[in-house]
Amino acid sequence: SRPAYGSSGEMAAPMSRESDSPEPGAAPYGNFPNYSRFHPPEGRVSLLPQGLLRSLFPAATGPLLGLDVGCNSGELSVALYQHLLGLQDSNSSPEPPGAGKELKLLCCDIDPELIQRAQQSSPFPASISFASLDIMDSGAREPFLSSYLQRFGRSSFDIGFCMSVTMWIHLNHGDRGLLDFLALLASLCTFLLVEPQPWRCYRAAARRLRRLGRRDFEHFRSLRINGDMAQSVTRILTQECAMELVCSFGSTSWDRSLLLFRSTSTRPRGAD
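Source: prediction; values computed, not measured. (Residues numbered from 1 in each chain as written. Predicted model: local features only at pLDDT ≥ 70, side-chain atom pairs only at ≥ 80, totals over all residues. Heavy atoms only, no water.)

## Considerations on the overall build of the protein
Here comes step 1: A tally of helices and strands in the protein yields nine helices and nine strands.
Here comes step 2: Per-residue burial for the protein yields a buried fraction of 56% across its 272 residues.
Here comes step 3: For the protein, the computed accessible surface area is about 11700 Å², with 47% contributed by carbon and sulfur atoms. (Helix = DSSP H or I, 4+ residues; strand = E, 2+ residues; numbered from the N terminus. Buried < 20%, exposed > 50% of the residue type's maximum accessible area, 1.4 Å probe, protein only. Areas by Shrake-Rupley, 256 points an atom, 1.4 Å probe, with all protein chains shown as cover.)

Now the structure itself:
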């Protein structure tokens, strides 16, 4: 079975949990069981402006559809949902009452254990769906995503989230894998929020493997896309994937940029 992507987002793989490991980064695919403890959701959502969905989709009718790739155990997915719908202070509400915009959020991760945790703890089961999926396996991905979109009579998502996933795709699938992954997201989403890991995280991930006596990442030493990864991801999406950079929402306390892109080949639903 091929590894794919989990954590909000780290890449995950069906492998032993190693819960007794002294290192939180011991899993070479990023399926950290306590990811949100060392990168808390508040560090991301606090950078996003209030009313973002209304500004991006001022005239949309019907529910907006979102896709979160690499959702881990769902803490960040739920935090994004609450923030985007203005529900931060409504944790006790089982579903959003009159939130203004209805959002249906599909969250996927390769790690079935993390997905099970997300499903069991989700406060919004009618609006947020969690599913185990290898996003890089086209044979599994295409029928699954098509089936979900067809339920709403849609062929694409309004907004996608790719939060600290790009490094794990890149390390395990190489430059070609990263290019294919970003092209896939661009084809699936009208807007795309990306949090790329900086290059120092690549080196740290490789050091962790070596320190644990593991085999190095297959592609690490041959990656030609390197250096300023936020700049590289921006260049790929804007020059090769028919997207434009809408804005950068700044950086988290752990130095990761939040970048919002918009497809130049499709217009937001409800736009004039």
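## Quick notes on the nonpolar core
Here comes step 1: Of all hydrophobic cores here, the largest spans 47 residues; its most connected members are I135, F157, F181 and L237.
Here comes step 2: Looking at which element gives the most residues to this core, the answer is helix α7 (residues 166-188), with twelve residues.
Here comes step 3: Structurally, this core is a two-domain feature, drawing no fewer than three residues from each of domain 1 (69-87 + 100-155) and domain 2 (167-265).
Here comes step 4: Setting aside residues up to four positions removed in sequence, F157 forms contacts with L65, G66, L67, L106, L145, Y148, L149, L188, C189 and T190.
Here comes step 5: Counting residues in hydrophobic clusters, the runner-up holds 33 residues, among them V45, L84, L85 and I115. (Core = buried A, V, L, I, M, F, W, Y, C linked by side-chain atoms within 4.5 Å. Domains from an automatic or database assignment. Contact = heavy atoms within 4.5 Å.)

## A look at the packing of α7 against helix α9 (residues 229-240)
Each packed pair of helices is defined by two parameters, the angle between the axes and the distance between the axes.
Here comes step 1: Put simply, α7 and α9 touch, their axes get as near as 9 Å, and they point 45 degrees apart. Put simply, α7 runs oblique to α9. When the axes of α7 and α9 are compared, the crossing they make is right-handed. Between α7 and α9, the contacting residues are H170, L178, L179, L182 and A186 on the first element and M229, V233, I236, L237 and E240 on the second.
Here comes step 2: Taken together, the residues that form the contact of α7 with α9 break down as eight nonpolar, one polar and one charged. (Axes fitted to C-alpha atoms, helices over the stretch in contact; angles between N-to-C directions. Parallel < 35°, antiparallel > 145°, perpendicular 65-115°, else oblique. Left-handed = near helix turned anticlockwise from the far one by under 90°. Nonpolar A, V, L, I, M, F, W, Y, C, P; charged D, E, K, R; others polar.)

## Some remarks on the confidence of the model for the protein
Here comes step 1: Looking at the protein, the pLDDT average stands at 84 and 80% of residues meet or exceed 70.
Here comes step 2: Below pLDDT 50 for its whole length, residues 1-22 participates in 102 contacts with residues either more than four positions away or in separate chains.
Here comes step 3: The model gives residues 90-99 a pLDDT under 50, and that stretch makes 19 contacts with residues more than four places away or in other chains. (pLDDT = per-residue confidence, 0-100.)

## Some thoughts on α9
Here comes step 1: Across its twelve residues, α9 extends 16 Å between first and last C-alpha, which sits within 8% of the 16 Å expected from 1.5 Å per residue.
Here comes step 2: Those residues of α9 lying buried are M229, S232, V233, T234, I236 and L237.
Here comes step 3: On its buried face, α9 is in contact with α7, β7 (189-195), α8 (199-211), β8 (243-251) and β9 (257-263).
Here comes step 4: For α9, the side-chain oxygen to backbone nitrogen distance between the N-cap and A230 is 3.3 Å, and the N-cap itself is D228.
Here comes step 5: A positive phi of about 55 degrees marks A242, the residue just after α9. (Expected span 1.5 Å × (residues − 1). Polar contact = N/O pair within 3.5 Å; in protein donor to acceptor, adjacent residues only side chain to side chain.)

## Topic: the side chain of S164
Here comes step 1: With respect to the element layout, S164 can be found in the loop between β6 (157-163) and α7.
Here comes step 2: Separated by 2.7 Å, the side chains of S164 and E195 make a polar contact.

## Focus on unusual backbone geometry
Here comes step 1: If you check the backbone angles, N72 has positive phi at about 55 degrees while not being a glycine.
Here comes step 2: Mapped onto the elements, N72 comes out in the loop between β3 (64-69) and α4 (75-84).
Here comes step 3: At S164, a position not held by glycine, the phi torsion is positive, near 55 degrees.
Here comes step 4: For S164, a relative accessible area of 0% puts it in the buried group.

## Some points on the pattern of salt bridges
Here comes step 1: What the rule picks out here adds up to ten salt bridges.
Here comes step 2: The partner of R44 in a salt bridge is E195, with the nearest N and O atoms 2.9 Å apart. Remark: E195 occurs in strand β7 and R44 occurs in helix α2 (residues 42-45); sequence separation between them is 151 residues.
Here comes step 3: In this structure R44 comes out as buried when scored by relative accessible area, which is 1%.
Here comes step 4: A salt bridge links R262 to E244, with the shortest nitrogen-to-oxygen separation between them at 2.7 Å. Taken as a pair, R262 in strand β9 and E244 in strand β8 lie far apart in primary sequence, 18 residues in all.
Here comes step 5: Since its relative accessible area comes to 29%, R262 is described here as partly exposed.
Here comes step 6: When salt bridges that share partners are traced, they join R210, D216 and R221 into one network. (Salt bridge = Lys/Arg side-chain N within 4 Å of Asp/Glu carboxyl O.)

## A look at the packing of aromatic side chains
Aromatic rings considered in pairs are described by the distance between their centres and by the relative angle of their planes.
Here comes step 1: Overall, the coordinates contain seven aromatic pairs when judged by the stated rule.
Here comes step 2: Relative to F191, the ring of F57 lies with its centre 5.3 Å away and its plane at 80 degrees, an arrangement referred to as edge-to-face. With F57 in the loop between α3 (52-56) and β3 and F191 in strand β7, this pair connects stretches of sequence that are 134 residues apart.
Here comes step 3: Residue F57 is classed as buried on the basis of its relative accessible area, which comes to 0%.
Here comes step 4: Here the aromatic rings of W199 and F220 are separated by 5.9 Å at their centres, their planes lie at 20 degrees, and the arrangement is stacked. With a gap of 21 residues between them, W199 in helix α8 and F220 in the loop between α8 and α9 connect regions that are remote in the sequence.
Here comes step 5: Residue classification places W199 among the buried residues on the basis of a relative accessible area of 16%.
Here comes step 6: Judged by its relative accessible area of 12%, F220 falls in the buried class.
Here comes step 7: A network of ring pairs unites the aromatic residues Y148, F152 and F157 as a single cluster. (Phe/Tyr/Trp six-rings, centres within 6.5 Å; stacked < 30°, edge-to-face > 60°.)

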